[in-house]
There are 2 protein chains.
Amino acid sequence: MKKMINHVDNVVREQLEGVAKAHPDLAVSLEPAFIRRARLPGNKVVLISGGGSGHEPMHSGFVGYGMLDAACPGEIFTSPTPDQMVECAKQLNTGKGILFLVKNYTGDVMNFETAVEILHGDGMKVQVALIDDDVAVKDSLYTAGRRGVAATVLAEKILGAATEAGYSLEQCSTLAKRITNHARSIGIALSACTVPAAGKPGFELAENEIEFGIGIHGEPGIKRATFTDSDTTTREMMERLLDNSSYQRTVRRWNGDLGDWQEENWTTASLMQGDKVIVLVNSLGGTPLSELYCVYRKVAEILEQRGIIIERNLIGAYCTSLDMQGVSISLLNADDEMLSLWDKPVNTPALRWGC
Amino acid sequence: MKKMINHVDNVVREQLEGVAKAHPDLAVSLEPAFIRRARLPGNKVVLISGGGSGHEPMHSGFVGYGMLDAACPGEIFTSPTPDQMVECAKQLNTGKGILFLVKNYTGDVMNFETAVEILHGDGMKVQVALIDDDVAVKDSLYTAGRRGVAATVLAEKILGAATEAGYSLEQCSTLAKRITNHARSIGIALSACTVPAAGKPGFELAENEIEFGIGIHGEPGIKRATFTDSDTTTREMMERLLDNSSYQRTVRRWNGDLGDWQEENWTTASLMQGDKVIVLVNSLGGTPLSELYCVYRKVAEILEQRGIIIERNLIGAYCTSLDMQGVSISLLNADDEMLSLWDKPVNTPALRWGC
């Protein structure tokens, strides 16, 4: 393994030190680890995300005006711990409420839920928004239910704009649920990533093999498939994405009045002709931008054939899996409110416009 | 070789088709190949760059308001041909002059110079700005003199803002010369890239080896070196970058009044304590953002020790070499005029702020 790192134990810490030096608008805490906006307006809902490191720019690269107020990074592919979220939330508390945006992985969900209970005990108003957009598998190595993957980037942008626009915690929470129920993603890998502490690729693929339905930690998906060309694989990914079989699950939501968890039944909405979407074609790290445009070309053609309208797109490496070669495609069936929030100014290291 | 491409002969074409579908502000010509702003104000100098494909987002990702007016992509790692530049320049001609921004590679320089002569013959006002920022080697596989690499991104941003601000062709040309004489870059590779038509990596490195001073086409640099860790390699790169031994060369410049080339002697300026720089820490494609921040951390520390002030930074994959794992560092010794132009709004697929 050759990587531009020093000792494997210091990978996340040294990355945070780099972020601190590079971005004076951000404040970095090393112990416990979190990255926050250095200055925060006092009258907004606070949006915090987090998760294992190794998916950069997600989440730390999305901290700033119009997107996340803070991100809590765990070690590589490892959930952050409740003390990170608690300390971060306390530092940023505006009294308007904290919304934790959490990708659906068992460890992340458990730790964020613990933080919610602790903060509630301290009298703070807090809620969890769950993202579970990965259509590849229901229940997997690290997850009950669908995994949370690249649509998280879209959720962070839209919810960040909503908090900036003065939405209440309840309004943000409702919007978050709507985003999750209108988002879907799928990924494939051409090669495995190398976790620094492991020192070698997580799995081996034959010369003509891909992992279809890969997760962002290299966990297996639907099948090992034979790779012929980009168009064939893109078509298969789109077929899976556009499959409208119903996806229902029970989601735990925090009831601040009762101070307890309650279960809700959620259903992912169908994607129909005439719907408007935001498309994210995302590199898992090692796949060059040029190949993403080859994929986007086919995605756009297929959506045109289905009468689905691409309103916005984002093409690049936004939710990665270290140096993995591979691609994911996300579709967010976006209503006018989401589109309007998408277009609002944003000023973060990895996503910036209008500022 | 597994890549998200179809037939190797169509790689550049299908990428351009993707760009055309993704970015309605851009107009794409497939034959001859170029990407241009769909609408251009009639009263500005036209800034056009180009070069072999495989370095994306450079150059096509930098076409848009405040940066390039057009880019002419060649096949992978192959210079575009004069007919591309000529047709592109004719379509965009505003009468205020055309500035070709050219990375110093023998093939590129020759073809852009041919285009200059043809356009001059057609009565157009035209000039070439040469970028030769790579301190690794003087004269190399494809180049007489230093190679043009990642500082091109900085030049494109600053010159794009200058053309937008109403600079004349002569003013742009003078500014371009100043940028080149104040820019320096160096790169290292941890692994080779795979050119689609070749089907396998361009070279092999042992488990603990890096190519120090790599070019953006995988051409060799200063030495094969033993890799120990990021800090050691970054320190060696910075020593090479901060070496102030004089670099003088003779540059051909077009004299539009005489209709002929003239030679000028150029000297790269020294970098001194108290100087202000724009730093670009750039992934050659396969190196994740997290590692770039580890490198940036050390770069910032070394510059602080030298009393050199980082005024702006850019960290990401901007000038790549397909899927090569590696990093380059560029320093532009920027005066107040360059910094002010750097900060101006830009709206391109790969670099966007203030719009």
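Residues numbered from 1 in each chain as written. Chains lettered and ligands numbered in written order. Predicted model: local features only at pLDDT ≥ 70, side-chain atom pairs only at ≥ 80, totals over all residues. Heavy atoms only, no water.

Visitor: In this structure, what is going on with the sheet that holds strand β4 (residues 70-76) of chain A? I would like to understand it.
Guide: Note on sheets: strands pair through backbone hydrogen bonds, and any given pair is parallel or antiparallel. Residue and element names in this part refer to chain A. Spatially, β1-β2-β4-β3-β5-β6 is the arrangement adopted by the six strands of the open sheet, whose pairing is mixed. This sheet does not close on itself; its edge strands, each paired only once, are β1 (26-30) and β6 (126-131). Within this sheet the neighbouring strands show an average axis-to-axis angle of 20 degrees, counted without direction. With five bridges connecting them, strand β3 (residues 46-53) and β4 associate as parallel partners. Within β4, the position partnered with glycine 50 by the bridge is cysteine 72. Set on the sheet, helix α1 (residues 11-22) makes contact with β1, β2 (33-37), β3 and β4; between it and β1 the angle comes to about 155 degrees. (Pairing = 2+ DSSP bridges. Helix = DSSP H or I, 4+ residues; strand = E, 2+ residues; numbered from the N terminus. Axes fitted to C-alpha atoms, helices over the stretch in contact; angles between N-to-C directions. Contact = heavy atoms within 4.5 Å.)

Visitor: Is there a simple way to explain the relation of the copies chain B and chain A in this structure?
Guide: Here the two chain copies are tied together by a rotation about an axis and a shift along that axis. For the pair chain B and chain A, the relating rotation is 180 degrees, the translation along its axis is 0.0 Å, and the fit reaches an RMSD of 0.0 Å. The transformation relating the two chain copies, once decomposed into turn and shift, fits a two-fold axis. A symmetric contact is evident, with 100% of the interface residues of chain B recurring at the interface of chain A. (Least-squares fit on C-alpha atoms with pLDDT ≥ 70 in both.)

Visitor: Got a minute to help me understand the pattern of salt bridges in this structure?
Guide: Pairs can form between side chains of opposite charge once their charged atoms are near each other. Using the criterion set out here, one finds 50 salt bridges over all chains in the structure. Residue Glu17(B) is joined to Arg297(A) by a salt bridge in which the shortest nitrogen-to-oxygen separation is 2.9 Å. One end of the pair, Glu17(B), is in helix α1 (residues 11-22); the other, Arg297(A), is in helix α7 (residues 289-306), on a second chain. One continuous salt-bridge network, built from bridges that share partners, spans Arg13(A), Glu14(A), Glu17(A), Asp231(B) and Arg297(B). (Salt bridge = Lys/Arg side-chain N within 4 Å of Asp/Glu carboxyl O.)

Visitor: Got a minute to help me understand the sheet that holds strand β8 (residues 209-212) of chain A in this structure?
Guide: Residue and element names in this part refer to chain A. Read from one edge of the open sheet, six strands run β9-β8-β7-β14-β12-β13, paired in mixed fashion. The sheet is open, and its two borders are formed by β9 (223-226) and β13 (309-316), each paired with just one other strand. For this sheet, the mean angle separating the axes of adjacent strands, direction not counted, is 20 degrees. Judged from the seven bridges that link them, strand β12 (residues 276-283) and strand β14 (residues 326-333) form a sheet pairing that is antiparallel.

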